[in-house]
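Listed below are the residues making up each chain.
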Amino acid sequence: MPLLEVCDLEAGYGPIRAVQGVSLDVIEGEIVAIIGANGAGKTTLLLAISGVVATRKGTVRFMGQSITGMPSHEIVRLGIGHAPEGRRIFPRLSVRENLELGAFCRTDRGAIVRDIEEICSLFPVLGQRMSQMGGTLSGGEQQMLALGRAMLSRPKLLLLDEPSLGLAPIVVSKIFEVIAGFTARGIAVVLVEQNARAALKLASRGWVLETGRVSLFANAETLASDPRVRDAYLGDA
Amino acid sequence: MPALPPHLAMISLEFFLQQCLIGVTNGALIALVAMGYSMVYGIIGLINFAHGDLIMLGACLALSLVGASGLVDAGPTATWWGVVLLLLACGLFCGTLNMAVDRFIYKPLRNASKLAPLVSAIGVSFIFMNVGLFWLGPADRSFPELVPPTNLFSGDTLQFTYQDLLVVVVVVLLMVALSVLVRSTRLGRAMRAVSQDPTAAALVGVDVDRVIAATFFIGGALGGAASVIYSLYIKTIGFQMGFQNGLYAFTAAVLGGIGSIPGAVVGGLVIGLVRSLASAYVGERWTGAIVFAILIVILVFRPEGLLGRRTREKV
Ligand SMILES: Nc1ncnc2c1ncn2[C@@H]1O[C@H](COP(=O)(O)OP(=O)(O)O)[C@@H](O)[C@H]1O
Ligand SMILES: [Mg+2]
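Reading the values: the criteria
- Residues numbered from 1 in each chain as written.
- Chains lettered and ligands numbered in written order.
- Predicted model: local features only at pLDDT ≥ 70, side-chain atom pairs only at ≥ 80, totals over all residues.
- Heavy atoms only, no water.
- Core = buried A, V, L, I, M, F, W, Y, C linked by side-chain atoms within 4.5 Å.
- Buried < 20%, exposed > 50% of the residue type's maximum accessible area, 1.4 Å probe, protein only.
- Contact = heavy atoms within 4.5 Å.
- Donors = N, O, S within 2.8 Å, 3.2 Å for Na, K, Ca; no water.
- Helix = DSSP H or I, 4+ residues; strand = E, 2+ residues; numbered from the N terminus.
- Salt bridge = Lys/Arg side-chain N within 4 Å of Asp/Glu carboxyl O.
- Near = heavy atom within 4 Å.
- Polar contact = N/O pair within 3.5 Å; in protein donor to acceptor, adjacent residues only side chain to side chain.
- Nonpolar A, V, L, I, M, F, W, Y, C, P; charged D, E, K, R; others polar.
- Pairing = 2+ DSSP bridges.
- Axes fitted to C-alpha atoms, helices over the stretch in contact; angles between N-to-C directions.
- Buried area = accessible area lost by both parts, 1.4 Å probe.

### Observations concerning the nonpolar core
Then step 1. Among the nonpolar cores identified, the biggest contains 89 residues, and Met 35 and Val 206 of chain B are the most heavily contacted of them.
Then step 2. Residues in contact with Met 35 of chain B, not counting those within four places in the same chain, are Met 175, Leu 178, Leu 222, Ile 261, Ala 264 and Val 265 of chain B.

### A short note on the coordination of the magnesium ion (ligand 2)
All names here are of chain A.
Then step 1. Of the protein atoms, only Thr 43 (OG1) and Glu 85 (OE) coordinate the magnesium ion (ligand 2), at distances of 2.0 to 2.3 Å. Here the residue Thr 43 occupies a position in helix H1 (residues 42-49), and Glu 85 occupies one in the loop between strand E6 (80-83) and helix H3 (95-102), the gap between them amounting to 42 residues.
Then step 2. Residue classification places Thr 43 among the buried residues on the basis of a relative accessible area of 19%.
Then step 3. Residue class for Glu 85 comes out partly exposed when judged on its relative accessible area of 34%.

### A look at H3 of chain A
Then step 1. With respect to burial, H3 of chain A is a largely interior element, six of its eight residues being buried.
Then step 2. Of all the residues in H3 of chain A, the buried ones are Val 95, Glu 97, Asn 98, Leu 99, Leu 101 and Gly 102 of chain A.
Then step 3. Against helix H4 (109-122), helix H5 (124-128) and helix H6 (139-151) of chain A together with helix H5 (162-184) and helix H6 (186-196) of chain B lie the buried residues of H3 of chain A.

### Side note on the pattern of salt bridges
Then step 1. Applying the stated criterion to the full structure yields 19 salt bridges over all chains.
Then step 2. For Arg 205 of chain A, the salt bridge goes to Glu 30 of chain A, with nearest N and O atoms at 2.6 Å. Note that Arg 205 of chain A is positioned in strand E9 (residues 205-210) and Glu 30 of chain A in the loop between strand E2 (16-26) and strand E3 (31-36), a separation of 175 residues in sequence. For the pair Arg 205 of chain A and Glu 30 of chain A, a shared accessibility class is recorded, and that class is buried.
Then step 3. Of the charged contacts, one joins Lys 107 of chain B and Asp 209 of chain B as a salt bridge, the two residues approaching to 4.0 Å between their closest N and O atoms. Of the two residues, Lys 107 of chain B sits in the loop between helix H3 (76-106) and helix H4 (115-136) while Asp 209 of chain B sits in helix H8 (residues 208-234), which places them 102 residues apart along the sequence.

### Examining the site of ligand 1
Residues and elements named next belong to chain A.
Then step 1. In the vicinity of ligand 1, the contacting residues are Tyr 13, Ile 16, Ala 18, Ala 37, Asn 38, Gly 39, Ala 40, Gly 41, Lys 42, Thr 43 and Thr 44.
Then step 2. Within the side chain of Lys 42, an N or O atom sits 2.8 Å from an oxygen atom of ligand 1.
Then step 3. When residues of the shell around ligand 1 are traced back to their parent elements, those giving at least two are E2 and H1.
Then step 4. Sort the elements by how many residues they give to the shell around ligand 1 and H1 lands first, with three residues.
Then step 5. Here the shell around ligand 1 is composed, by residue class, of five nonpolar, five polar and one charged.

### Points about the sheet that holds strand E8 (residues 188-192) of chain A
Residue and element names in this part refer to chain A.
Then step 1. Pairing is mixed across the open sheet formed by six strands, whose spatial order is E6-E7-E8-E3-E9-E10. In this open sheet, the two strands that pair with only one neighbour each are E6 and strand E10 (213-219). Strand-to-strand, the axes of this sheet are offset by a mean angle of 15 degrees, without reference to chain direction.
Then step 2. As judged from the six bridges shared by E9 and E10, these two strands associate in the antiparallel manner. Note that in E10 the partner of Val 208 across the bridge is Leu 216.
Then step 3. Relative to the sheet, H1 contacts E3, E6, strand E7 (157-161), E8 and E9, its axis offset from that of E7 by approximately 150 degrees.
Then step 4. Its contacts with the sheet put helix H7 (residues 169-182) on E3, E7 and E8, and the angle it makes with E8 is roughly 145 degrees.

### A few points about the interface of chain A and chain B
Then step 1. Listed per partner, the contact involves 22 residues of chain A and 20 residues of chain B.
Then step 2. Taken together, the two surfaces of chain A and chain B that pack against each other cover about 2200 Å², and 60% of this comes from carbon and sulfur.
Then step 3. One can count three salt bridges joining chain A with chain B.
Then step 4. Linking Arg 189 of chain B and Glu 100 of chain A is a salt bridge whose minimum nitrogen-to-oxygen distance equals 3.2 Å.
Then step 5. Linking chain A with chain B are seven residue pairs in polar contact (both at pLDDT 80 or more), by the criterion used here.
Then step 6. Of the residues that constitute the side of chain A that touches chain B, the class distribution is nine nonpolar, six polar and seven charged.

Coordinates in, geometry out; function isn't part of it.
Set out below in structure tokens:
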């Protein structure tokens, strides 16, 4: 049984049909990639899975249970973490408070403290900035904070929306290294990326979205060598 | 020390200090009301026009409870307990009413334009006023003097009575409680998260609607406490009291920086002091004009208010 099963999903904003009949599935501990041009509907798809954008048609099942139409905060509780596009850390809360909010649905205080320490050893720069306001961090640090915050809910599945966007190459490789490590922790990942090459390297399978629909779906290596993908998303001429 | 002749009394230090005491006491009351505006604005960006009228309804309840309980003739100990019970009852009443208005009127409009909830709030204000008219009648009503106006200073150069003390003590206690709540509790952290980014808050597992409801409850409960304090201090209530008091408190919230709770306190104190000094030294009928002239000048130079944030953070 797949961990996450999205079936014929439709979602949008008013008259805009951003996602039109998308299906995908994620197996436990697996990393899958979703690639596609700007405006293809990737962000909307993730927001619909998390219950932020209403599902108009289709179903989302998580661990065998339907979560279609469930409020976001309950979906998080079931084990789906989400590091949203644009990072969206809380600018006027300290780094520590941002992380503590990541564990908002947990009550095991001791374990939360240990998890925060672990995040700080993963991203030492966060440890040095614990009492600084989130809004004063650099873009890369904010992305690390967003990842750490999403990890603190102890999710079984993480939705990551363009975690490398606008970051320096050295930070990008650090971020991808951490994402690669999620599998070892038993966390499955849906990775939305503009940086298709790096995403397909990490992922086992991938979907290509075009104007709200799945245009291609295959194993990551197959996708990476597909001429249509190479032309459109990998920048090979 | 010989008393100054009446036409020079105004320039004495005692007179000035007296006006400051009056100003601080009034300002504390304004601040308590302003916090209700600021909390709701901080969390959903709504100017809750009905807040002043909510407080008027709290005063209606306080008057009815005092009438029904025979508190007026009780001894001093019973009276103090009675005041505590009044604060709790009116706090609960106004908090619940405020929360209900959010649930049934503002919440369905959450995704509509900003104007829809604003216009609804004006509507709620009128509805409350009509309920108040029905409850109190058209004439002002006097509120029984439960707390003695005994002066706490010996001599009579300075006046600071138990009534003044009650205002200051209750307001300070509530402010401390509120700042502890916002700064160090789970709910407070969730409130700050929702006010900064409701979607991100939902994505870490915060039940945003519940946090908003709790904010309306707390803001309303502070208003309920303000209604009791107001009744005991001003001792006259009427169905139109919400409008003017709401206006001054809203002004205080904007002056301090709307959305900021310390800002509401500072704004309230500034307006209280300006009002009392202006009415003593310039004349009662000029106070409104002076208060708003100062407001305009401050906002020209600091549009975000005294303690407000200067710019929005870059995303
Ligand atoms: N909040 C919104 N309101 C209206 N339209 C939106 C909103 N967000 C995205 N869209 C539209 O939905 C479509 C898909 O957007 P999005 O899901 O952000 O794509 P992607 O993440 O792949 O760039 C685009 O046409 C975009 O303009
Ligand atoms: Mg996007």
